[in-house]
Amino acid sequence: LPLVACNYTTRLEEIKSHIANGSPLIDGEECVVFNSNLTPFWEFFSNQLSAEILPKVSNLEMSLRHTPPVLCNEKYTILCHVLNTEDRDITDLTISAMLAGGGTNDPTLEVAATPLDAPQRLGSVAVGQMASRNLNPTSSSGEDLFSQVLIASTISQGADLVCPISVHCPKFAGDRSLRVDAHYDMLAHLPSPGVNVFSWRSNGSICLVYSGNNTEAPSSLTLTRCVQSKRVQLSVIPPFEVASRILSLKHEAITTVVTGKPFILEVSLTNCSPWPINVENSHFNFVCLY
């Protein structure tokens with residue numbers, strides 16, 4: 001973690017000098033004159049260390065390949081393609097995916113939705129081929145909104161791999177947001193001279209790894225943790241549109257039925273998917289409301 005030096009103490013001494021001498025302190029276009037008789041209590045001023053944390057930039061190339069839209073009750077597959085474009089091998093590559101609501105048609109924002117049934121409205125996600133097979137379509141726990149798996153222990157420079165990610169949205173149409181993260185380790189050179197580098201210990205303390213007082217950057221490599229992230233918006237639609245109308249025995253449209261007189265109920269299905277769908281079976285339940 002490179003540490004950026006802070007000149008807080010130097011600036012504080014300058015302000016003290018301006019106030020003590022009663023000289024103007026210029027800030028932009030405004031000129032402020034302090035009264036030296038109103039000297040503040042400097043013991044209430046404390047030196048503060050300002051640090052800018054600069055994470056290691058990931059050069060890993062990652063893309064998400066899929067063919068929208070997502071259909072309700074479909075195990076939708078997204079292929080996560082990872083290409084090692086770092087300047088050396090990477091280790092312990094872990095792929096994680098999190099499914100969340102998003103967009104104008106977020107199913108968790110409906111009036112009838114409650115925090116308890118929000119996970120069931122969103123669906124579930126599974127990373128890896130084995131996890132996709134064990135995906136539980138009827139589960140409604142929030143744990144199924146997140147999945148991760150160790151993909152490879154080592155990936156050579158220039159090598160690539162593909163990891164399947166399955167998304168299952170059983171009941172509710174609407175928009176979803178899927179975030180995919182690739183976590184990995186790699187050996188990297190420490191920054192150039194003039195930068196202080198610190199590291200967190202397991203007990204929570206911070207130790208100095210490399211001091212900017214050195215005139216040359218060290219030649220040794222340090223194990224670093226990198227993250228590459230991608231996000232994709234998913235639109236979930238029902239596979240069919242169901243329409244019905246009531247007809248007489250003469251196939252004329254009617255609005256009411258009479259007890260004891262037969263009638264015809266015509267049901268039509270419209271395929272909303274851009275692909276052909278084979279209907280294996282169908283059920284019709286006639287419910288009487290009193």
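Refer to the structure above for everything that follows.
All values derive from a computational prediction rather than experimental measurement. (Residues numbered from 1 in each chain as written. Predicted model: local features only at pLDDT ≥ 70, side-chain atom pairs only at ≥ 80, totals over all residues. Heavy atoms only, no water.)

Enquirer: Give me the sheet that holds strand E4 (residues 61-65): which residues, what numbers.
Expert: Reading across the sheet, the four strands line up as E4-E6-E10-E8 and stay open at both edges, with antiparallel pairing between neighbours. Of all strands in the sheet, those with a lone pairing partner are E4 and strand E8 (124-127), marking the two edges. Neighbouring strand axes in the sheet, compared pairwise and without regard to direction, differ in orientation by 20° on average. Bridge count between strand E6 (residues 75-83) and strand E10 (residues 160-168): nine bridges; the pairing is antiparallel. Looking across to E10, one finds that His81 is bridged to Val162. (Pairing = 2+ DSSP bridges. Helix = DSSP H or I, 4+ residues; strand = E, 2+ residues; numbered from the N terminus. Axes fitted to C-alpha atoms, helices over the stretch in contact; angles between N-to-C directions.)

Enquirer: Tell me what's going on with unusual backbone geometry, and back it up with residues and numbers.
Expert: Each neighbour pair has its own omega, and for Pro68 with Pro69 the value is 5°, a cis peptide bond. In this fold, Pro69 is placed in the loop between E4 and strand E5 (70-71). Although it is not a glycine, Asn73 sits at a positive phi angle of roughly 65°. With a relative accessible area of 52%, Asn73 lands in the exposed category. Phi at His251 takes a positive value of approximately 60°, unusual for a residue other than glycine. In this structure, His251 sits in the loop between strand E15 (240-247) and strand E16 (264-271). (Buried < 20%, exposed > 50% of the residue type's maximum accessible area, 1.4 Å probe, protein only.)

Enquirer: Describe the environment of Tyr76, naming the residues involved and giving the relevant values.
Expert: Along the polypeptide, Tyr76 turns up in strand E6. By relative accessible area, which is 3% here, Tyr76 ends up buried. Placed 90 residues apart in sequence, Tyr76 and Ser166 show a C-alpha to C-alpha distance of 5.5 Å. The residues contacting Tyr76, other than those within four sequence positions of it, are His66, Thr67, Pro68, Pro69, Val70, Ile165, Ser166, Val167 and Leu234. At 2.7 Å, the side chain of Tyr76 and the side chain of His66 are in polar contact. Of note is the side chain of Tyr76, whose polar atom sits 2.9 Å from the backbone oxygen of Thr67. (Contact = heavy atoms within 4.5 Å. Polar contact = N/O pair within 3.5 Å; in protein donor to acceptor, adjacent residues only side chain to side chain.)

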